[in-house]
Structures are given as C-alpha cells and as structure tokens.
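Single-letter residue listing:
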Amino acid sequence: MGLADRRRSRGAIGQWSIALKELRGQDEPYWTASAVLSVGSAKAAVGRDEDAVRDLSEARELADQFSYHWLATWSRVQLGTLDALRGRLDQARNLLDDALDLSLATRSTSFVALCLAAHARLAFGEGDPEQAALLEGAADGLRRRVGLRAWPMLRPTETELMTKLRQELGADRLDQVFSAGSRLNQQQAVAAVRDRRSTRVQTS
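What counts and how
- Residues numbered from 1 in each chain as written.
- Predicted model: local features only at pLDDT ≥ 70, side-chain atom pairs only at ≥ 80, totals over all residues.
- Heavy atoms only, no water.
- Salt bridge = Lys/Arg side-chain N within 4 Å of Asp/Glu carboxyl O.
- pLDDT = per-residue confidence, 0-100.
- Helix = DSSP H or I, 4+ residues; strand = E, 2+ residues; numbered from the N terminus.
- Expected span 1.5 Å × (residues − 1).
- Buried < 20%, exposed > 50% of the residue type's maximum accessible area, 1.4 Å probe, protein only.
- Phe/Tyr/Trp six-rings, centres within 6.5 Å; stacked < 30°, edge-to-face > 60°.

Draft legend 1. Representation of the pattern of salt bridges. Per the stated rule, a full pass over the model turns up 12 salt bridges. What emerges from the salt-bridge pattern is a single network uniting Arg48, Asp51 and Arg54.

Have a look at this one:
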C-alpha cells in the first residue's frame, strides 16, 4: 500500500471511530457491527494487525448474534486473511471455509469471489502457488462476468499476491493457470476449494 493509500486509511479510521463512539450508546447493532468492521478493515490495511483482530472479532460476534450474513462473511474473510498472512493456517482455514459457506447461502457472486480470493492467499501461504493462481483467476473471472472489480481495500493485497505468484511460477505459467481459473464458473471454483478441503481431511 502506497503512502497516499495509508493516509486515506488513517483518515477513514478516525472518521469511523467517531461514528462508532456515537453508535455504541444507541441500540443499533447492525450499524455498530458495520462501523466496527470498517474500522477493523482499515486498521488491517495499515498493518495494525492486533487492533484489527479485536475489532473484526467484535464485528463477527455481533454479526453472528443478529444473523447479519454479509457482515459475518466479510469479518471472517478479513480475520482469515490476517491469519493466513501471519502463518496461522489452521485458524485461517476454519474461518475462510465458514466464510465460503456463508457466501453461498447469501447467493451473492461478489461475496463468493471475495472468499475465493481469500482462499487464494491461504493456498499461497500453504505452499501451493498454482492453486493460489487458479483461485485468484476464478475470483477475477466471476467478478468480471457480473461487472465488478475487487473491493478497494483488497486491491493492494491482491496485487501483492499476483507479484509473488509471478515470482514463484514465472509469467507464462501464471498467465496459463490464472486464465484457466478465470474460465471456471462459480460451481467449479467452489468445487476446487472443497476438493482441496476434502484432500486435507483425508490426509490429516
């Protein structure tokens, strides 16, 4: 993330923190959970991981308590991504598997794509760059087919992952696997994640 992006994120943290203080005294669990999630996401973007985990965990608890499915999905994706980046792979798997299941229940292509991109980061952390490239391609393909782009807060981490994948696989192989992933439909992309999940269970 560049300096300008960091400054914007810090400014957003301040604004959302003010809104959160006002919401906490009111009976507004949805907007409180949304504000906490926004603050936690912004903190994660600027590297304040421990603070981010506290906020995102609170958002997840509120979302689960009141059945706010998109907030429950997003908070798990953020927490799982942080765990993957920090090498806490078992925790990341559990969170991201839950997030994918929730995203399918919402019937939201954007949420499914969000989860596929997070699983790509997990696969890279587990030492499987080809699977990471396939899932990143799948997420990109799903978004493009419905006219979406990656969420702004996620673009820096997706760009960083693609850079690492290019280093690991080489440009030609990355393009080949990414393109194959982009042609997968949602059912096929989800099956790729679940097949890998099933393989882990069988070999554990």
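Draft legend 2. Examining the confidence of the model for the chain more closely. Predicted confidence across the chain gives a mean pLDDT of 86, with 84% of residues reaching 70 or more. Here helix α1 (residues 3-24) is the element of the chain with the lowest mean pLDDT, 61, and helix α9 (residues 171-182) is the one with the highest, 97.

Draft legend 3. Up close: helix α7 (residues 129-145). For α7, built from 17 residues, the straight-helix expectation of 24 Å at 1.5 Å per residue is met to within 8% by its first-to-last C-alpha distance of 24 Å. For α7, the tally of buried residues reaches 14 of 17 residues, placing the bulk of the element in the interior. Within two residues after α7, glycine 147 carries a phi angle of roughly 75 degrees, on the positive side.

Draft legend 4. A look at helix α5 (residues 89-106). With 18 residues, α5 should cover 26 Å at 1.5 Å per step; its first-to-last C-alpha distance of 25 Å lies within 8% of that length. Buried within α5 are the following residues: Leu89, Ala92, Arg93, Leu95, Leu96, Asp97, Ala99, Leu100 and Ser103. Where α5 ends, the next residue or the one after it, arginine 107, has phi of about 55 degrees, a positive value.

Draft legend 5. Broad picture of unusual backbone geometry. Residue serine 67 is not a glycine yet carries a positive backbone phi of 55 degrees. Within the fold, serine 67 resides in the loop between α3 (49-66) and α4 (69-85). Overall, the relative accessible area of 48% leaves serine 67 in the partly exposed class. For arginine 107, which is not glycine, the phi dihedral falls at a positive 55 degrees.

Draft legend 6. Inspection of the packing of aromatic side chains at higher detail. Under the criterion given, the structure shown has four aromatic pairs. Summarising the aromatic geometry, the rings of phenylalanine 66 and tyrosine 68 are spaced 5.8 Å apart at their centres and angled 20 degrees between planes, so their arrangement reads as stacked. Looking at phenylalanine 66, the relative accessible area reads 36%, which means it is partly exposed. The exposure class assigned to tyrosine 68 is buried, which follows from its relative accessible area of 19%. On the numbers, 6.3 Å between centres and 15 degrees between planes, the contact of tryptophan 70 with phenylalanine 111 is stacked. Placement of the pair is tryptophan 70 in helix α4 and phenylalanine 111 in helix α6 (residues 109-125), with a sequence separation of 41 residues. Exposure remark for tryptophan 70: the relative accessible area of 29% places this residue in the partly exposed category. Through successive ring pairs, a cluster of aromatic residues spans Tyr30, Trp31, Phe66 and Tyr68.

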